[in-house]
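Secondary and tertiary structure notes
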Amino acid sequence: MNSQLESYRNAILDPYVRLYAGAISVGLRLMADNAGLHRVTFVHEYTEEQSLKRMERPTRSLDLNPIEHLWDYQKKQQLFKVLILKLYMS
């Protein structure tokens, strides 16, 4: 296993996903948004080993992945701030 996958398992999957799955137990689904890290064989094997069901979602789908609304909003706010700063600086 490469170091990036090991870090992902140690920093995200084991302390959060597995712990949360144990607390919730029945009905937990891991939402995978088709990002590169979610598609690797290791993650599929991990979810099978932990008996987790996966909920596949398209990458960056605003309609199906609510967190993307927040990322989109933050990007627009940052762009707005940069544009305002440029206007004041010129």
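Read on for an overview of the structure. Just so it is clear, the model here is predicted, and its values are computed rather than measured.

The next point concerns the nonpolar core. Burial of nonpolar side chains together is a common tendency in soluble globular proteins. Grouped together as the largest cluster of nonpolar side chains are eleven residues: Leu5, Tyr8, Leu13, Val17, Ala21, Leu28, Leu30, Phe42, Val43, Tyr46 and Leu52. Mapped onto this core, the elements with two or more residues apiece are helix H1 (3-24) and helix H3 (41-49). Considering every element that reaches this core, the biggest residue donor is H1, with five residues.

Turning to the packing of H1 against H3, a few remarks are in order. Following both chains from N to C, one finds H1 and H3 inclined at 30°, their axes separated by 12 Å at the closest point. Taken together, the axes of H1 and H3 are roughly parallel relative to one another. As for the relative orientation of H1 and H3, their crossing is right-handed in sense. Residues Leu5, Tyr8, Arg9, Leu13, Asp14 and Arg18 of H1 form the contact with H3, whose participating residues are Phe42, Val43 and Tyr46. Tallied by class, the residues present in the contact of H1 with H3 amount to six nonpolar, no polar and three charged.

Attention now moves to H3. Every buried residue of H3 is listed here: Phe42, Val43, Tyr46 and Thr47. The arc enclosing the buried residues of H3, seen along the axis, measures out at 130°, which places them on a common side. Of the exposed residues in H3, the ones pointing more than 90 degrees away from its buried face are Thr41, Glu48 and Glu49. Just beyond H3, the residue with positive phi is Ser51, at close to 55°.

Glancing now at the side chain of Thr47. For Thr47, the position within the fold is in helix H3. If near-sequence neighbours (up to four positions away) are discounted, Thr47 is found in contact with Leu30, Leu52 and Arg54.

Quick notes on the rules
- All residue numbers here refer to positions counted from 1 along the written sequence of the relevant chain.
- Given that this is a predicted model, residues contribute local features only at a pLDDT of at least 70 and side-chain atom pairs are listed and counted only at 80 or more, while totals for whole chains, interfaces and linings are drawn from all residues.
- Only heavy atoms go into the side-chain values, all of them from the structure, while hydrogens and water stay out.
- Working definition of a nonpolar core: buried Ala, Val, Leu, Ile, Met, Phe, Trp, Tyr and Cys residues. They are joined through side-chain atoms within 4.5 Å.
- Residue exposure (1.4 Å probe, protein chains only): buried if accessible area is under 20% of the type maximum, exposed if over 50%, otherwise partly exposed.
- Numbering goes from the N terminus for both helices and strands, where a helix is a DSSP run of H or I of at least four residues and a strand is a run of E of at least two.
- Between N-to-C directions, angles cover 0 to 180 degrees, with each direction set by a line fitted to C-alpha atoms, over the stretch in contact for helices.
- Under this scheme an angle from 65 to 115 degrees is roughly perpendicular, one under 35 degrees roughly parallel, and one over 145 degrees roughly antiparallel; angles in between are oblique.
- Left-handed describes a crossing in which the near helix is turned anticlockwise from the far one by less than a right angle; the clockwise case is right-handed.
- A contact between two residues is defined here by any heavy atoms of the two lying within 4.5 Å.
- Residue polarity follows a fixed list, in which Ala, Val, Leu, Ile, Met, Phe, Trp, Tyr, Cys and Pro are nonpolar, Asp, Glu, Lys and Arg are charged, and the others, Gly among them, are polar.
- The arc in question is traced by the directions running from the helix axis to the C-beta atoms.

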